[in-house]
Amino acid sequence: MLDRLPRTIDPLHLADKRSVIKGELSLKDFGRLCGMLFDTGGNVAIELHFSREGRLAKIEGKIETRLQLICQNCLQPIDWPVQAPVRLGVVNSLEQVDRLPPDFEPLFVEEEKMPLLDIVEDELLLNLPQYPKHSEACQIQETDSRVPTRPEAGRQKRQDNPFSILANLKNQENPHGSTKK
Ligand SMILES: [Zn+2]
């Protein structure tokens, strides 16, 4: 599963050794993230460099993956490539957070060992939209949302319904107006 990557890491120890962790994690292993994904196939590529600057232990690197989020309008997949830099400073108090260099996020370490998966998952979640939605108008497929008993019946209904035409016109005029809640 975590081929060659350690399951837990000791950030301070790795920083002392100036270690590099590089490899891939399976998306399926990210419990919190999986609920937000249309498809949990695929991997997350990570590269993390541990080092020290004075008394500060740092983790710098990047995470890369391609997620399929679920559009909250039409429940269809949204392609969401993630290519995010990682800049973490290891801290164990709020005082230390204040002393972090700009651009660095705090990584609170309470115990020596912490799950690598959790660190990467937190970084991934930071790069997701709160309300995933297609940037352009959703293409809702009628066959998916309401299944007509017979194809003829479905076609007939559409021709006879002036409101669907009106709705389409409205959407074209004001693509954002109908999606607000
Ligand atoms: Zn959509």
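These figures come from a predicted structure and were not determined experimentally.

Looking at the pattern of salt bridges
- Scanning all chains against the criterion turns up nine salt bridges.
- Linking E64 and K62 is a salt bridge whose minimum nitrogen-to-oxygen distance equals 4.0 Å.
- A relative accessible area of 31% means that E64 is categorised as partly exposed.
- According to the relative accessible area criterion, K62 is partly exposed, its value standing at 40%.
- In the salt-bridge network here, residues are joined through shared partners; they are R32, E121 and D122.

Description of the coordination of the zinc ion
- Donor atoms from the polypeptide that bind the zinc ion are C71 (SG), C74 (SG), H134 (ND1) and C138 (SG), placed at 1.9 to 2.3 Å.
- Each donor residue of the zinc ion lies on one chain, and together they are spaced C-x2-C-x59-H-x3-C. In this pair, C74 is assigned in the loop between β4 (56–70) and β5 (77–91) and C138 in the loop between α4 (116–126) and α5 (142–145), connecting sequence segments 64 residues apart.
- Assessed through its relative accessible area of 11%, C74 is described here as buried.

Thresholds applied
Residues numbered from 1 in each chain as written. Predicted model: local features only at pLDDT ≥ 70, side-chain atom pairs only at ≥ 80, totals over all residues. Heavy atoms only, no water. Salt bridge = Lys/Arg side-chain N within 4 Å of Asp/Glu carboxyl O. Buried < 20%, exposed > 50% of the residue type's maximum accessible area, 1.4 Å probe, protein only. Donors = N, O, S within 2.8 Å, 3.2 Å for Na, K, Ca; no water. Helix = DSSP H or I, 4+ residues; strand = E, 2+ residues; numbered from the N terminus.

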